[in-house]
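Chain and residue survey
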Amino acid sequence: MTRPLDGQVALVTGATRGAGRGTAVALGEAGATVYCTGRSTAERRSEYNRPETIEETAKLVTEAGGVGIAVAVDHLEPGQVEALVQRIDAESGRLDVLVNDIWGGEKLFEWDTPVWEHDLENGLRMLRLAIDTHLITSHFALPLLIRNPGGLVVEMTDGTQEYNAEHYRNSVFYDLAKTAVIRLAFAQNVELAPHGCTAVALTPGWLRSEMMLDNYGVTEENWRDGAAVNPHFAAISESPLYVGRAVAALAADPDRRRRDGGSFSSGGLAREYGFTDVDGSQPDAWRYIVEVQDAGLPADPTGYR
């Protein structure tokens with residue numbers, strides 16, 4: 001395997017599970033040193049109360065070929081984030097890739113519930129988790145990233161700019177959270193461009209996160225059995241490593257400035273860069289969602305993976 005990110009340092013926030021874990025591992029595959037942050041550790045769980053930990057993620061990064069470093073951080077706490085960046089500077093002296101993947105709102109939003117009926121406290125916390133955490137992290141991390149030209153910031157979200165502009169995303173709070181992150185990537189890119197750095201927004205497709213697998217009563221080994229619950233899930237879903245490989249491909253692209261401020265999907269970038277999911281396929285979920293699922297057609301991945 002090639003290791004195009006040998007010597008590079010990445011910070012993946014929200015790396016405990018899901019897209020964050022997949023991204024950390026994919027950057028490890030490419031040879032990077034990856035600081036993996038989150039609130040769930042071997043000693044303490046977050047309010048999610050799930051078993052995944054940042055230590056496990058760091059171990060997976062190292063096993064993949066990189067160097068994984070777990071750091072417990074609450075990214076709503078500026079002091080903790082500042083200390084994290086100071087540690088990265090002291091230990092590594094550089095930051096080449098920042099992935100803002102913090103979310104933590106799955107248990108807070110109420111599906112298809114109007115704003116006047118949605119729990120207000122949960123909705124506002126969702127926005128804090130989705131937006132404030134990213135802003136706080138960028139505030140402290142970007143001075144280190146811009147020391148060297150070529151740095152990359154990836155704002156992880158749900159949905160492309162094109163799709164979200166035309167579709168209501170589950171609730172006002174969720175819709176705003178996921179759309180705002182896309183704009184955040186654009187705005188940061190304007191400020192980063194004079195320093196030779198790039199910011200983009202990136203979305204996975206239908207992600208087989210640990211929580212989603214549990215929801216469908218399947219595992220990563222038998223996920224296609226989820227067709228019994230939702231045939232579209234079995235047709236087009238993707239592993240967390242897939243979007244991670246999209247991040248690694250962007251980070252390794254010497255011409256990535258052509259993507260400045262853009263909004264991209266794992267499936268779209270796979271067609272351009274040639275990387276695959278763990279099963280060797282290239283699921284293009286957002287095109288499938290528009291052309292098959294939203295169109296009310298029967299589940300059929302032909303031509304979409």
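Conventions adopted
- Residues numbered from 1 in each chain as written.
- Predicted model: local features only at pLDDT ≥ 70, side-chain atom pairs only at ≥ 80, totals over all residues.
- Heavy atoms only, no water.
- Phe/Tyr/Trp six-rings, centres within 6.5 Å; stacked < 30°, edge-to-face > 60°.
- Helix = DSSP H or I, 4+ residues; strand = E, 2+ residues; numbered from the N terminus.
- Buried < 20%, exposed > 50% of the residue type's maximum accessible area, 1.4 Å probe, protein only.
- Expected span 1.5 Å × (residues − 1).
- Axes fitted to C-alpha atoms, helices over the stretch in contact; angles between N-to-C directions.
- Parallel < 35°, antiparallel > 145°, perpendicular 65-115°, else oblique.
- Left-handed = near helix turned anticlockwise from the far one by under 90°.
- Contact = heavy atoms within 4.5 Å.
- Nonpolar A, V, L, I, M, F, W, Y, C, P; charged D, E, K, R; others polar.
- Core = buried A, V, L, I, M, F, W, Y, C linked by side-chain atoms within 4.5 Å.
- Patch = residues over 30% accessible without salt bridge, like charges linked within 9 Å, V, L, I, M, F, W, Y side chains within 5 Å.
- Areas by Shrake-Rupley, 256 points an atom, 1.4 Å probe, with all protein chains shown as cover.
- Salt bridge = Lys/Arg side-chain N within 4 Å of Asp/Glu carboxyl O.

1. Section: the packing of aromatic side chains
For any pair of aromatic rings, geometry is given as the distance between the ring centres together with the angle between the planes. Scanning all chains against the criterion turns up nine aromatic pairs. Their ring planes at 80 degrees and their centres at 5.6 Å tell us that W103 and Y174 sit as a pair that is edge-to-face. Of this pair, W103 sits in the loop between strand 4 (97-100) and helix 4 (120-145) while Y174 sits in helix 6 (residues 172-192), placing them 71 residues apart in sequence. Exposure remark for W103: the relative accessible area of 12% places this residue in the buried category.

2. Thoughts on helix 1 (residues 18-29)
Helix length check: helix 1, at 12 residues, gives a terminal C-alpha distance of 17 Å against a target of 16 Å (1.5 Å per residue), a fit within 8%. With 12 of 12 residues buried, helix 1 is to be regarded as a mostly interior element. G31 lies just past helix 1 and shows a positive phi near 100 degrees.

3. Some details on the packing of helix 3 (residues 78-92) against helix 4
Orientation of helix 3 relative to helix 4, taken along the N-to-C sense of each, is 20 degrees, at an axis distance of 9 Å. Taken together, helix 3 and helix 4 sit at an angle that is classed as roughly parallel. You can see that helix 3 and helix 4 cross each other, and the crossing is right-handed. Touching P78, V81, E82, V85, I88 and D89 of helix 3 are I136, T137, F140, A141 and L144, all from helix 4. When the residues that make up the contact of helix 3 with helix 4 are grouped by side-chain class, the tally is eight nonpolar, one polar and two charged.

4. Quick look at the nonpolar core
Ranked by internal contacts, the top residues of the largest apolar core, which has 36 residues, are L27, V34, L202 and V247. Here this core gets nine residues from one element, more than from any other, and that element is helix 9 (residues 240-252). Apart from residues lying up to four places away in sequence, L27 is in contact with L5, A10, V12, A32, V34, V247 and A248. Listed in part, the 22 residues of the second largest apolar core include Y35, V73, V153 and C197.

5. A word on a nonpolar patch on the surface
Residues V115, W116, Y168 and V172 make up a contiguous nonpolar surface patch of roughly 460 Å² in combined accessible area. Structurally, the position occupied by Y168 is in the loop between helix 5 (161-166) and helix 6.

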